[in-house]
Amino acid sequence: MQFQNIKKQRVLINRLTEIIDSGRISHAQLFLGETQSGALSLAIAYMQYLCCQHRQHYREISPGQWTDEHGHTTDLRADSCGVCPSCRKFEALEHPDLHIIFPSTTTNSVKSNPSAEDYQEDFRQFMQKHGQYGTLNQWYDALGVENKQGLIRERDAANIIKYINLRPYEAPYKMVLIWAAEKMNSTSANTLLKTLEEPTGNTLIILVCESTEKMLSTIISRVQQVNVPAIGETSTDGRETEFARWFVDWMRMLFKLNMSKLSAWVDQIAKIGREPQKQFLLYAMEALRGCFLRNITKGTYNQTLDFGDEKFNQSFYTVITQNNIPLMNEALNHTLMSIERNASPALAFMALSFKMSSYISKK
Ligand SMILES: [Zn+2]
């Protein structure tokens with residue numbers, strides 16, 4: 001799975017490839033997001049990029065826009081090559097250093113003590129059929145056990161420990177991907193705790209799940225969380241209108257730095273919770289990129305750039321230039337990471353507002 005085949009998630013993908021390129025890879029990570037967000041594919045594409053023998057780095061032509069060697073423009077700064085021996089094995093989900101664990105249950109062919117090991121070929125076929133968006137229920141349907149619930153059990157945990165104690169055959173890492181990790185039963189979760197806490201140097205374990213509600217807090221605290229934003233149409237629609245309104249209000253108060261209005265705005269956003277805060281920051285990055293592209297194309301770029309305020313639509317984009325957009329992106333990214341690391345949202349958004357205000361005037 002190359003990143004280019006994953007719908008949307010451009011901002012997150014570019015952050016992930018930057019982290020891999022810098023070599024700051026966490027040995028235990030949790031990709032948290034709805035099935036429709038593509039979290040599972042992102043995790044596979046992440047591992048494929050990590051192991052690719054010819055990572056492709058594209059040439060930046062303007063902030064947020066790159067071009068490949070054939071001159072095609074892309075939203076991605078980098079991707080795996082898709083054709084080297086390592087990438088081919090990932091595409092077929094047959095890489096000898098990648099082990100995929102998922103919920104399993106008894107079936108007609110496996111009558112007792114099931115584990116993911118028994119269903120590897122079924123899982124490959126399931127992935128081929130459903131691509132990035134297969135759900136857990138579709139997986140159970142594929143196994144022919146519609147009403148039985150799968151689990152990740154002791155035997156799976158024992159296999160994971162066995163895998164990561166082997167030396168990698170050919171990749172730089174021994175990799176384990178645990179899909180639907182919320183289905184770990186308590187014994188398997190407890191068995192994995194120590195492994196997650198003290199992974200060996202060349203191990204990479206990625207958990208993928210939709211919700212952390214049913215997971216042990218001791219597991220969550222041992223993994224680095226990567227939040228995969230929802231791209232589901234209904235949830236984004238409702239939110240985008242709200243985000244657009246906040247964005248317009250925010251940008252307007254930054255022009256004249258009205259402190260009392262700004263404090264009220266920061267108080268409001270500090271209360272909405274970390275997830276929506278992060279989504280708003282991603283929204284702001286996309287919105288500013290749209291404005292910038294509109295500016296350099298002299299207003300002809302019209303890709304869904306509607307803030308629900310005609311005056312703002314017609315004028316704001318002219319202040320986003322090649323001078324200030326890199327600074328804005330960096331400040332927004334920095335705030336996103338601070339929020340992820342549990343910084344105070346009120347302080348983080350206030351500091352961000354001061355920076356953004358000075359950048360707006362730097363056109
Ligand atoms: Zn490759």
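Since the model is a prediction, treat every value here as computed from it, not as a measurement. (Residues numbered from 1 in each chain as written. Predicted model: local features only at pLDDT ≥ 70, side-chain atom pairs only at ≥ 80, totals over all residues.)

### So, the environment of Ile6
For step 1, the next point in the chain: For Ile6, the location among the structural elements is in the segment before α1 (10-22).
For step 2, the next point in the chain: For Ile6, a count of 21 C-beta atoms within 10 Å gives the class buried.
For step 3, the next point in the chain: Once you skip the residues sitting within four places of it in the chain, Ile6 turns out to touch Ile13, Gly38, Ser41, Leu42, Ala45 and Gln132. (Helix = DSSP H or I, 4+ residues; strand = E, 2+ residues; numbered from the N terminus. Buried ≥ 20, exposed ≤ 12 C-beta atoms within 10 Å, placed from the backbone. Contact = placed C-beta atoms within 7 Å.)

### Section: the domain arrangement of the chain
For step 1, the next point in the chain: Domain boundaries in the chain define domain 1 (3-227) and domain 2 (234-360).
For step 2, the next point in the chain: In this structure, domain 1 and domain 2 have C-alpha centres spaced 32 Å apart.
For step 3, the next point in the chain: Each side of the interface is counted separately: domain 1 has five residues, and domain 2 has 12 residues.
For step 4, the next point in the chain: Here the residues of the side of domain 1 that touches domain 2 sort into two nonpolar, three polar and no charged. (Domains from an automatic or database assignment. Nonpolar A, V, L, I, M, F, W, Y, C, P; charged D, E, K, R; others polar.)

### Considerations on the nonpolar core
For step 1, the next point in the chain: Counting residues in hydrophobic clusters, the biggest one holds 97 residues, and the most contacted among them are Phe31, Ala43, Met47, Leu177, Ile178, Leu207 and Val208.
For step 2, the next point in the chain: Per-element tally for this core: the top contributor is helix α2 (residues 39-51), with 11 residues.
For step 3, the next point in the chain: Here this core spans two domains, and each of domain 1 (3-227) and domain 2 (234-360) adds at least three residues to it.
For step 4, the next point in the chain: Once residues within four sequence positions are removed from consideration, Val208 is found in contact with Phe31, Ala39, Leu40, Ala43, Leu177, Ile178, Trp179 and Ala181. (Core = buried A, V, L, I, M, F, W, Y, C linked by C-beta atoms within 7 Å.)

### Some remarks on unusual backbone geometry
The phi torsion of most residues other than glycine is negative, and most of the peptide bonds are trans.
For step 1, the next point in the chain: Positioned with a positive phi, Gln9 is a non-glycine residue whose angle comes to about 60 degrees.
For step 2, the next point in the chain: Relative to the helices and strands, Gln9 resides in the segment before α1.
For step 3, the next point in the chain: The exposure class of Gln9 is buried, given the 24 C-beta atoms found within 10 Å.
For step 4, the next point in the chain: Of note in this structure, Leu93 is not a glycine but carries a positive phi near 55 degrees.
For step 5, the next point in the chain: Looking at the secondary structure, you find Leu93 in the loop between α3 (85-91) and β7 (98-101).
For step 6, the next point in the chain: Owing to 18 C-beta atoms within 10 Å, Leu93 belongs among the partly exposed residues under this scheme.

### Section: the sheet that holds strand β5 (residues 73-74)
For step 1, the next point in the chain: What the three strands build is an open sheet, ordered β3-β4-β5; its pairing is antiparallel. Two strands in the sheet have a free side with no partner beyond their single neighbour: β3 (59-62) and β5.
For step 2, the next point in the chain: When strand β4 (residues 65-67) meets β5, the two strands line up antiparallel, connected through two bridges. When the bridges of β5 are listed, Thr67 appears paired with Thr73. (Pairing = 2+ DSSP bridges.)

### Considerations on helix α6 (residues 154-164)
For step 1, the next point in the chain: For α6, the full list of buried residues reads Asp156, Ala157, Ile160 and Ile164. Seen end-on, α6 carries its buried residues on one side only, within an arc spanning 100 degrees.
For step 2, the next point in the chain: If you follow the buried residues of α6, they end up packed against β7, β8 (174-179), α7 (186-197) and β9 (203-209). (Arc of directions from axis to C-beta.)

### Here's the deal with the packing of helix α10 (residues 259-270) against helix α14 (residues 345-360)
Think of two packed helices as two axes; the pair is described by the angle between the axes and how far apart they sit.
For step 1, the next point in the chain: Running from N to C, α10 and α14 cross one another at 135 degrees; their axes reach a closest spacing of 9 Å. Put simply, α10 runs oblique to α14. Of the two possible hands of crossing, α10 and α14 adopt the one that is right-handed. Along its contact with α10, which presents Leu262, Val266, Asp267, Ile269 and Ala270, the element α14 presents Pro345, Ala346, Phe349, Met350 and Ser353.
For step 2, the next point in the chain: By residue class, the composition of the contact of α10 with α14 is eight nonpolar, one polar and one charged. (Axes fitted to C-alpha atoms, helices over the stretch in contact; angles between N-to-C directions. Parallel < 35°, antiparallel > 145°, perpendicular 65-115°, else oblique. Left-handed = near helix turned anticlockwise from the far one by under 90°.)

### Observations regarding the pairing of β3
For step 1, the next point in the chain: By the bridge criterion, three bridges tie β3 to β4 in an arrangement that is antiparallel. For Glu60, the partnering residue across the bridge sits in β4 and is Trp66.
For step 2, the next point in the chain: Counted between consecutive antiparallel strands, the loop separating β3 from β4 contains two residues, among which Gly64 sits at a positive phi close to 85 degrees.

### Topic: the pairing of β8
For step 1, the next point in the chain: With six of its six residues buried, β8 lies for the most part within the structure.
For step 2, the next point in the chain: Because side chains alternate across β8, one face comprises the buried residues Lys174, Val176 and Ile178, and the other comprises Met175, Leu177 and Trp179, equally buried.
For step 3, the next point in the chain: Examined bridge by bridge, β7 and β8 share four bridges and lie parallel to one another. Bridge pairing in β8 links Leu98 to Met175.
For step 4, the next point in the chain: In terms of strand pairing, β8 meets β9 through six bridges, oriented parallel. Counterpart to Lys174 in the pairing with β9 is Thr203.
For step 5, the next point in the chain: In the classification by handedness, the crossover that spans β8, the intervening α7 and the parallel β9 is right-handed. (Right-handed = clockwise from strand over helix to strand, strands pointing away.)

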